[in-house]
Amino acid sequence: MRSPIAKVAFERALSLGGIEAEVASAGTAALVGRPPLADAAQAAQRLGLDITGERARQLEAKHLQDVDLVVAMTREHLRWAVALEPRIWPVAYTLKQLARRVQAEPPTGDVASWLAEIARERSKTEMLGRLAADDLMDPVRQGRRAIFACAEEIVRLVDEVVAGLWGPLRRAVGPLG
């Protein structure tokens, strides 16, 4: 539920910022081929996103080849991705970690150089355990209100990350813009 919303939110924010990028989504426990939950699709629609065409796919090492940035929803997802492809560690973050980093020390040059710079300061122990400050809660089985709140948080964080890494969005996006 979180991954397709984040994917489409990144696509929209990058497009509005004039940034051409390929954005993909995959899960660590995906029900492969299934569409998003109806409540997730409604929450996304309320935020101006259409995730109805998205289908779940299982994360595999091949999805992590030649990536510039990997954004996970939780530390557990981050660990899973880094275990599949250890070379992604310098460019792999949870969405919340990345948003905090962008806010605390925004890039002054190109994004790749900034990612390399902040990677030198990181420790792989950042992946251990669970931390509410790094993890986006899983709203499935917590009701519609939780799904809508999670969707709003994802879109807000994605917009912050894209604006922080690539400059202000060309126009406000959704009700959170």
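Before any of the text, the structure's been laid out above.
What you see is a predicted model; the values in this text were computed from it and never measured.

A. Up close: the overall build of the protein. Broken down by element type, the protein carries six helices and two strands. Listing every helix and strand of the protein by position from the N terminus yields α-α-β-α-β-α-α-α. Reported as C-alpha extents along the three principal axes, the dimensions of the protein are approximately 40 × 35 × 30 Å. Put simply, the protein has 177 residues, and 43% of those count as buried. Pairs at least 24 apart in sequence give 67% of the contacts found in the protein among residues at least 6 apart. Surface accessibility of the protein: about 9,600 Å² in total, with carbon and sulfur atoms responsible for 51%. Within the protein, one finds 24 positive and 23 negative side-chain charges whose respective centroids are separated by 5 Å.

B. Molecular detail of the environment of aspartate 50. Looking at the element boundaries, aspartate 50 is found in the loop between helix H2 (38-46) and strand E1 (70-72). The exposed category is assigned to aspartate 50, whose relative accessible area is 54%. Along the chain, aspartate 50 and alanine 9 lie 41 residues apart, while their C-alpha atoms are 9.3 Å from each other. Among the polar contacts listed, one links the side chain of aspartate 50 to the side chain of threonine 52, at a separation of 2.5 Å.

C. Looking closely at the packing of H2 against helix H6 (residues 144-166). At a closest axis distance of 9 Å, the pairing of H2 and H6 adopts a crossing angle of 45°. Between H2 and H6, the crossing angle belongs to the class labelled oblique. The two elements H2 and H6 meet at a crossing, and its hand is right-handed. Residues Asp39, Ala40, Gln42, Ala43 and Arg46 of H2 lie in contact with H6, whose contacting residues are Arg144, Ile147, Phe148, Ala151 and Glu152. Residues belonging to the contact of H2 with H6 are distributed by class as follows: five nonpolar, one polar and four charged.

D. Up close: the side chain of histidine 77. Note that histidine 77 resides in helix H3 (residues 75-84). According to the relative accessible area criterion, histidine 77 is buried, its value standing at 19%. Sequence-distant contacts of histidine 77, defined by excluding residues within four places in its chain, comprise Arg2, Thr28 and Ala72.

E. How the structure looks around helix H5 (residues 111-119). Inspection of H5 places Val111, Trp114, Leu115, Ile118 and Ala119 among the buried residues, and these make up the whole buried set. Buried residues in H5, looked at end-on, bunch into an arc of 135°, giving them a common side. Its side-chain oxygen at 3.3 Å from the backbone nitrogen of alanine 112, aspartate 110 defines the N-terminal cap of H5.

F. Quick peek at H3. Arg75, His77, Leu78, Ala81 and Val82 are the residues of H3 that are buried. Buried positions in H3, seen along its axis, are confined to an arc of 155° and lie on one side of it.

G. Just unusual backbone geometry, in detail. Of note in the backbone geometry, aspartate 66 takes a positive phi value of approximately 55° without being a glycine. Inspection of the secondary structure assignment puts aspartate 66 in the loop between H2 and E1. Judged by relative accessible area, which is 80%, aspartate 66 ranks as exposed. Of note, the phi angle at arginine 141 is positive, near 75°, even though the residue is not glycine. Its location among the elements puts arginine 141 in the loop between H5 and H6. Judged by relative accessible area, arginine 141 falls into the exposed class, the value being 81%.

Cut-offs applied
- Residues numbered from 1 in each chain as written.
- Predicted model: local features only at pLDDT ≥ 70, side-chain atom pairs only at ≥ 80, totals over all residues.
- Heavy atoms only, no water.
- Helix = DSSP H or I, 4+ residues; strand = E, 2+ residues; numbered from the N terminus.
- Buried < 20%, exposed > 50% of the residue type's maximum accessible area, 1.4 Å probe, protein only.
- Contact = heavy atoms within 4.5 Å.
- Areas by Shrake-Rupley, 256 points an atom, 1.4 Å probe, with all protein chains shown as cover.
- Lys, Arg positive; Asp, Glu negative; His and termini not counted.
- Charge placed at Lys NZ, Arg CZ, Asp CG, Glu CD.
- Polar contact = N/O pair within 3.5 Å; in protein donor to acceptor, adjacent residues only side chain to side chain.
- Axes fitted to C-alpha atoms, helices over the stretch in contact; angles between N-to-C directions.
- Parallel < 35°, antiparallel > 145°, perpendicular 65-115°, else oblique.
- Left-handed = near helix turned anticlockwise from the far one by under 90°.
- Nonpolar A, V, L, I, M, F, W, Y, C, P; charged D, E, K, R; others polar.
- Arc of directions from axis to C-beta.

So, to be careful, I would describe these as geometric facts and stop short of saying anything about function.
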